[in-house]
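What follows is the residue order along each chain.
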Amino acid sequence: MKVERCLGIIAVVVATPVALAAWRFGVGTPRSPGAGFWPLTIACVMLVLGSILVLRPNPDERPEGDSDSRWAKFGISLASLVFYIALLEALGYLLTTGLMLLVQLRLVENRSWRSSILIAALASVISLVVFKVLLKVSLPLGLIPLPPGW
Amino acid sequence: METLNLLLQGFALALTPANLIAVFIGAFIGTVIGVLPGLGPTATIALLLPITIGMEMVTALIVMAGIYYGAMYGGSITSILVNIPGEAASVVTCIDGYKMARKGRAGPALGMSAIGSFIGGTVSVVAVMLISPFLAETALKFGAPEMFALLFFAFVCIGGLTGKSRVQGLLMACFGLLLGTVGTDEIQGVDRFIFGTLYLQDGVGLIPLAMGLFGLGEVLYNIEKRQSVGEVLSTPKGLMPTLKDWKDSAWPIIRGSFLGFGIGIIPGGMPAIASLMSYAVEKKVSKHPEEFGEGTIEGVAGPETANNAATAGGFVPLLTLGIPTNSVLALILASMMMHGVTPGPLMLIKWADVFWGVIASMYIGNIVCLILNLPLIGLFVRMLKVPYSILSPLIIMFILLGSYAVAGNVSDLVATLVFGLIGYLMKRFDIESAPLILAFVLGPMLENNLSKALLMSRTGDPLFFFSRPISATLISLAFVVLAFPLLQWAWRALVRPGVAAIKPR
């Protein structure tokens with residue numbers, strides 16, 4: 001299916017409930033438009049533009065699968081991000097960042113175990129020291145407390 | 001005389017140690033990310049947004065501007081030596097620049113692009129300085145109807161110019177407008193599209209949006225499809241162009257400066273468009289167009305001048321009207337708003353020091369860039385050899401750290417991931433993201449001015465916009481831009497055959 005046709009369908013699917021919701025916000029009068037007036041206008045324009053794309057999409061410029069995809073790596077990468085978000089506050093910045101970096105370096109980028117562990121450890125410790133200790137950014141500490149006096 | 005005085009005050013501000021360091025850092029980071037393919041100024045500024053919040057307003061602006069024009073300098077290095085554009089605006093430089101390098105003329109190609117960039121950048125800053133006060137003064141007389149008309153015109157240009165197709169561009173802009181309506185409505189206090197969450201009450205955050213769309217989306221795309229940097233041609237010894245090169249490049253550089261500035265001030269006029277147009281113009285006016293594509297210096301000097309001129313040109317509408325013309329400037333605008341500055345005609349009155357400080361910093365920054373790109377060029381060429389396998393995980397770390405640190409809120413991370421996936425898909429399917437971010441930033445202003453204007457009209461009659469000369473002109477122009485394909489079609493289908501028939505054979 002053509003990219004533009006998909007985009008048109010998405011636009012119509014999004015715009016329809018938006019238009020209905022906007023109606024409920026209150027459209028108001030032309031003299032004093034309500035909160036729904038503007039979203040309703042956008043939704044209507046989207047319905048028109050979306051329909052044009054569904055009916056008359058431009059051909060795709062980029063042929064499908066023109067170069068080799070690395071889907072497995074993409075999946076692992078995504079999983080490591082979900083893991084990071086889910087566990088950041090429980091495990092703390094240092095551990096989560098270190099593990100995320102390790103997965104990226106070793107599994108996604110295929111670096112050796114040695115350099116992966118070294119870079120992951122260095123990067124997470126240095127960023128913690130710079131941002132948490134020096135710049136006083138609030139980062140969760142989780143399981144590993146800062147050494148006393150920091 | 002007054003301008004000179006203000007400029008001197010600007011220099012006084014730009015030459016304070018903190019700001020001087022900011023100029024240098026901005027120009028340096030800009031050149032680095034310009035050199036690195038797959039990492040452009042939009043992604044970099046998105047990444048740095050959380051950090052700029054903590055800076056002085058002027059300093060933040062100076063750094064961001066430096067990254068923007070620095071990237072234009074750096075981009076040409078990769079184009080010439082590797083035949084991969086380091087940055088979108090250097091795509092055309094690959095054509096003749098790489099051919100020149102293959103012929104052993106990498107030196108003059110690199111030297112001339114740095115010199116052209118410097119001239120284009122500097123000429124353009126002079127123009128910004130001279131035009132902005134005049135434009136701001138005119139814009140001061142604008143009421144809500146004029147402001148709405150101006151924003152509407154900008155919106156139509158952005159949607160029409162930046163997308164692959166006009167309909168697609170406008171549709172992406174609509175998505176941006178819609179995202180801009182999320183949250184508690186300013187005028188009525190109604191919660192719109194918050195899905196029962198507290199998080200969305202303040203609206204969609206610009207930082208998760210920008211970090212996701214431009215930062216994470218880009219990285220994810222590069223993980224799926226890695227473009228390997230091939231052979232890097234060695235850095236040449238002599239960078240100085242020959243006398244003939246100077247003669248050949250003089251006019252392309254002059255034309256490129258003005259063309260670039262002109263494109264830069266149009267909404268939707270990105271540096272990439274300026275360099276493409278300059279290449280086309282040079283090829284057209286050249287006495288030997290057949291040499292274009294074979295390694296002619298005009299094909300490098302013109303476009304590289306034009307893209308730098310365009311970067312400075314974009315600051316005119318941004319600082320005097322509050323209208324960003326591309327995604328980099330949209331992020332700069334957003335950062336200014338986070339600092340409590342609303343760019344617009346009042347900027348030159350209320351924040352005159354900021355305005356003149358930034359202008360002065362751009363003069364200094366162009367000199368810094370020239371030094372970085374001529375004597376120190378070897379340093380940046382070596383950066384091309386920094387492996388992506390280290391860079392990419394570290395960028396991810398910074399994106400996550402930055403989006404979390406702003407509010408210490410995991411919801412921001414979730415939002416970043418969601419927008420990252422959307423950004424990845426858009427990149428994957430070649431859908432332009434600039435209209436989306438621009439509309440997201442402009443949307444609330446558009447709605448606000450529309451409501452005010454309708455209130456002013458007393459009757460709510462849309463024809464009210466046509467009763468005022470400036471808004472009437474701008475809205476009519478917008479409709480002309482919208483109807484342009486239709487007019488084109490009508491011309492081709494109806495008028496041209498008629499004209500051809502009348503012509504005597």
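Residues numbered from 1 in each chain as written. Chains lettered and ligands numbered in written order. Predicted model: local features only at pLDDT ≥ 70, side-chain atom pairs only at ≥ 80, totals over all residues. Heavy atoms only, no water.

### Quick word on the overall build of chain B
Scanning chain B from N- to C-terminus turns up 21 helices and two strands. Against the 2.2 N^0.38 benchmark of 23 Å for 505 residues, chain B shows a C-alpha radius of gyration of 23 Å, consistent with a compact globule. Over its C-alpha atoms, taken along the principal directions, chain B stretches across nearly 75 × 70 × 55 Å. Residues classed as buried in chain B amount to 60% of the 505 residues present. Within chain B, contacts between residues separated by at least 24 positions form 79% of all contacts whose residues are at least 6 apart in sequence. (Helix = DSSP H or I, 4+ residues; strand = E, 2+ residues; numbered from the N terminus. Rg over C-alpha atoms; globule rule 2.2 N^0.38 Å. Buried < 20%, exposed > 50% of the residue type's maximum accessible area, 1.4 Å probe, protein only. Contact = heavy atoms within 4.5 Å.)

### Here's the deal with the interface of chain A and chain B
Each partner contributes to the interface: chain A provides 62 residues, whereas chain B provides 62 residues. For the pair chain A and chain B, the two sides together bury roughly 5400 Å², of which 74% comes from carbon and sulfur. Taken as a group, A:Arg31, A:Trp38 and A:Ile85 account for 14% of the area that chain A buries against chain B, more than any other trio of residues on that side. Where chain A meets chain B, there are zero salt bridges. At the junction of chain A and chain B, the tally comes to nine residue pairs in polar contact (both at pLDDT 80 or more). Contributing elements (two or more residues each) for the side of chain A that touches chain B: α1 (3-25), α2 (37-55), α3 (71-91), α4 (93-108) and α5 (113-134) of chain A. The leading source of residues in the side of chain A that touches chain B is α3(A), at eleven residues. (Buried area = accessible area lost by both parts, 1.4 Å probe. Salt bridge = Lys/Arg side-chain N within 4 Å of Asp/Glu carboxyl O. Polar contact = N/O pair within 3.5 Å; in protein donor to acceptor, adjacent residues only side chain to side chain.)

### As for the environment of B:Gly180
For B:Gly180, the position within the fold is in helix α8 (residues 166-181). With residues up to four places along the chain from it excluded, the contact list for B:Gly180 reads B:Phe440 and B:Pro444.

### Topic: the packing of helix α3 (residues 41-53) of chain B against helix α4 (residues 57-82) of chain B
Residue and element names in this part refer to chain B. Contact geometry of α3 with α4 gives a least axis separation of 10 Å together with a crossing angle of 165°. Classified by the angle between their axes, α3 and α4 sit roughly antiparallel to one another. Crossing handedness for the pair α3 and α4: right-handed. Every residue of α4 that contacts α3 at Pro41, Thr44, Ile45, Leu48 and Thr52 is listed here: Ala60, Met64, Ile67, Tyr68, Ala71 and Met72. (Axes fitted to C-alpha atoms, helices over the stretch in contact; angles between N-to-C directions. Parallel < 35°, antiparallel > 145°, perpendicular 65-115°, else oblique. Left-handed = near helix turned anticlockwise from the far one by under 90°.)

### Details of the state of the cysteines
Under the criterion given, the structure shown has zero disulfides over all chains. Looking at A:Cys6, it has no disulfide partner, and the nearest cysteine sulfur is the one in B:Cys174, 19 Å off. Cysteine B:Cys369 remains unbridged, with the sulfur of B:Cys94 as its closest cysteine sulfur at 20 Å. Since its relative accessible area comes to 0%, B:Cys369 is described here as buried. (Disulfide = S-S within 2.5 Å.)

### Points about the packing of aromatic side chains
All told, the structure shown has 13 aromatic pairs over all chains when counted by the stated rule. Consider the rings of A:Phe131 and B:Phe398, whose centres lie 6.3 Å apart with planes at 70°: the pair is edge-to-face. With A:Phe131 in helix α5 and B:Phe398 in helix α18 (residues 388-405), this residue pair bridges two chains. Among the aromatic side chains, those forming a connected cluster through ring pairs are B:Phe148, B:Phe152, B:Phe464, B:Phe465 and B:Phe479. For the cation-ring pair, B:Lys427 lies above B:Tyr221, with the distance from its terminal atom to the ring centre recorded as 5.4 Å. When the ring centre of B:Phe429 is taken as reference, the NZ or CZ atom of B:Arg428 above it lies at 5.4 Å. (Phe/Tyr/Trp six-rings, centres within 6.5 Å; stacked < 30°, edge-to-face > 60°. Lys NZ or Arg CZ within 6 Å of the ring centre and 35° of its normal.)

### Thoughts on the confidence of the model for chain A
Parts of the prediction with low pLDDT should not have their coordinates interpreted in detail. Across chain A, the average pLDDT comes to 88, with 92% of residues at 70 or higher. The lowest-confidence element of chain A is α1(A), averaging 91 in pLDDT; the highest-confidence one is α4(A), averaging 94. (pLDDT = per-residue confidence, 0-100.)

### Side note on the confidence of the model for chain B
Mean pLDDT over chain B: 89, with 96% of residues reaching 70 or higher. Highest mean pLDDT in chain B belongs to helix α12 (residues 298-313) of chain B (95); lowest belongs to helix α21 (residues 469-502) of chain B (79).

### Observations regarding empty space enclosed by the protein
Considering all chains together, one arrives at three cavities of 30 Å³ or more under this definition. By volume, the largest cavity is sized at about 90 Å³. B:Gly38, B:Leu39, B:Ala43, B:Leu47, B:Phe214, B:Gly215, B:Glu218, B:Val219, B:Asn222, B:Tyr388, B:Ser392 and B:Ile395 are the residues that line the largest cavity. Of all the secondary-structure elements, those providing two or more residues to the lining of the largest cavity are α3, α9 (206-224) and α18 of chain B. It is α9(B) that contributes the most residues to the lining of the largest cavity, five residues altogether. Here the lining of the largest cavity is composed, by residue class, of seven nonpolar, four polar and one charged. Reported here for the second largest cavity is a volume of approximately 70 Å³. Residue lining of the second largest cavity: A:Pro33, A:Gly34, A:Ala35, A:Phe37, A:Trp38, B:Asp185, B:Ile187, B:Gln188, B:Arg192, B:Glu447, B:Leu450 and B:Ser451, and that is the complete set. Elements with a contribution of two residues or more to the lining of the second largest cavity: α2 of chain A together with α20 (434-456) of chain B. The element contributing the most residues to the lining of the second largest cavity is α20(B), with three residues. (1 Å grid on protein atoms, 1.4 Å probe; cavity = no way out; pocket = protein on both sides within 12 Å on 5 of 7 lines; lining within 4 Å. Points joined across faces, edges and corners; volume = space filled by probe spheres on them. Nonpolar A, V, L, I, M, F, W, Y, C, P; charged D, E, K, R; others polar.)

### Considering unusual backbone geometry
All names here are of chain B. Unlike most non-glycine residues, Asn83 shows phi in positive territory, near 70°. Along the chain, Asn83 falls in the loop between α4 and α5 (93-102). Classification of Asn83 by relative accessible area gives partly exposed; the value is 37%. Here Asp430, not a glycine, exhibits a phi torsion of approximately 65°, which is positive. Look at Asp430 and you get partly exposed, because its relative accessible area is 23%.

### Quick look at the pattern of salt bridges
Residue and element names in this part refer to chain B. Throughout the structure, instances matching the rule amount to seven salt bridges over all chains. Between Arg468 and Glu146 there is a salt bridge, with the nearest N and O atoms lying 2.8 Å from each other. Of the two residues, Arg468 sits in the loop between α20 and α21 while Glu146 sits in helix α7 (residues 144-162), which places them 322 residues apart along the sequence. The buried category is assigned to Glu146, whose relative accessible area is 5%.

### A short note on the side chain of B:Thr325
Residue and element names in this part refer to chain B. For Thr325, the position within the fold is in the loop between α13 (315-321) and α14 (327-338). Assessed through its relative accessible area of 0%, Thr325 is described here as buried. Sequence-distant contacts of Thr325, defined by excluding residues within four places in its chain, comprise Gly264, Ile265, Ile266, Pro267, Gly268, Gly269, Gly314, Pro317 and Leu438.

### Points about a nonpolar patch on the surface
Together, A:Leu95, A:Leu99, A:Leu143 and A:Ile144 give the surface a local cluster of nonpolar side chains, amounting to about 320 Å² of exposed area. Inspection of the secondary structure assignment puts A:Ile144 in the segment after α5. (Patch = residues over 30% accessible without salt bridge, like charges linked within 9 Å, V, L, I, M, F, W, Y side chains within 5 Å. Areas by Shrake-Rupley, 256 points an atom, 1.4 Å probe, with all protein chains shown as cover.)

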